[in-house]
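# Secondary and tertiary structure notes
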Amino acid sequence: MASQVAVSRRSFLKRAAAAGAGLALAEALTFEPWHLEAADPVVIGDPFKVFPDRSWERVYRNLYQPDSTFTFTCAPNDTHDCILRAHVKNGVVV
């Protein structure tokens, strides 16, 4: 019959911390900087030949392009006049 040794929680945590610190130290001492070397740069001669489809630019530029604009005057309480320019997109003043 094998005898069982009771290990307290505190001694278990101390041993586990010591083992973790030992592994971290062993890893640090065997550090090899091979994975820190720079890779060869990627050279692209003409980016327009690599990515020729530029139809997305039209949609992107038209996203905030207003359909029309108009200018109007605002006079709150007749204290001063504000000249404002409103932009209309899809029938909504923005």
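Conventions we followed
Residues numbered from 1 in each chain as written. Predicted model: local features only at pLDDT ≥ 70, side-chain atom pairs only at ≥ 80, totals over all residues. Heavy atoms only, no water. Patch = residues over 30% accessible without salt bridge, like charges linked within 9 Å, V, L, I, M, F, W, Y side chains within 5 Å. Areas by Shrake-Rupley, 256 points an atom, 1.4 Å probe, with all protein chains shown as cover. Salt bridge = Lys/Arg side-chain N within 4 Å of Asp/Glu carboxyl O. Helix = DSSP H or I, 4+ residues; strand = E, 2+ residues; numbered from the N terminus. Buried < 20%, exposed > 50% of the residue type's maximum accessible area, 1.4 Å probe, protein only. Pairing = 2+ DSSP bridges. Expected span 1.5 Å × (residues − 1).

## Brief notes about a nonpolar patch on the surface
Together, Val 42, Ile 44, Val 50, Phe 51, Trp 56 and Tyr 60 give the surface a local cluster of nonpolar side chains, amounting to about 720 Å² of exposed area. With respect to the helices and strands, Val 50 occurs in helix H2 (residues 47–50). Overall, Val 50 belongs to the exposed group, its relative accessible area being 56%.

## Quick word on the sheet that holds strand E2 (residues 82–89)
Taken in spatial order, the three strands of this open sheet run E1-E2-E3, and their pairing is antiparallel. Strand pairing shows two members of the sheet lacking a second neighbour, strand E1 (68–74) and strand E3 (92–93), which therefore form its edges. Alignment of E2 against E3, held across two bridges, turns out to be antiparallel. If you follow Lys 89 over to E3, its bridge partner there is Val 92.

## Quick word on the pairing of E2
With seven bridges joining them, E1 and E2 adopt antiparallel strand pairing. When the sheet's bridge partners are listed, Thr 73 is paired in E2 with Ile 83. Counted along the chain from E2 to the antiparallel partner E3, the turn is two residues long, and its residue Asn 90 has a positive phi close to 55 degrees.

## Concerning the pattern of salt bridges
Evaluated as defined, the whole model comprises one salt bridge. Across the pair Arg 61 and Glu 57 runs a salt bridge whose closest N-O atoms are separated by 3.7 Å. With Arg 61 and Glu 57 both in helix H3 (residues 55–62), this residue pair falls four residues apart, about one helical turn. We classify Arg 61 as exposed; its relative accessible area is 61%.

## A closer look at unusual backbone geometry
The backbone phi angle of Asn 90 is positive, close to 55 degrees, even though this residue is not glycine. By the secondary structure assignment, Asn 90 is in the loop between E2 and E3.

## Side note on helix H1 (residues 9–29)
Taking 1.5 Å per residue as the helical rise, H1 with its 21 residues ought to reach 30 Å, and the 30 Å between its terminal C-alpha atoms agrees with that figure. Counting buried positions along H1 gives zero out of 21 residues, so the element sits mostly on the surface.

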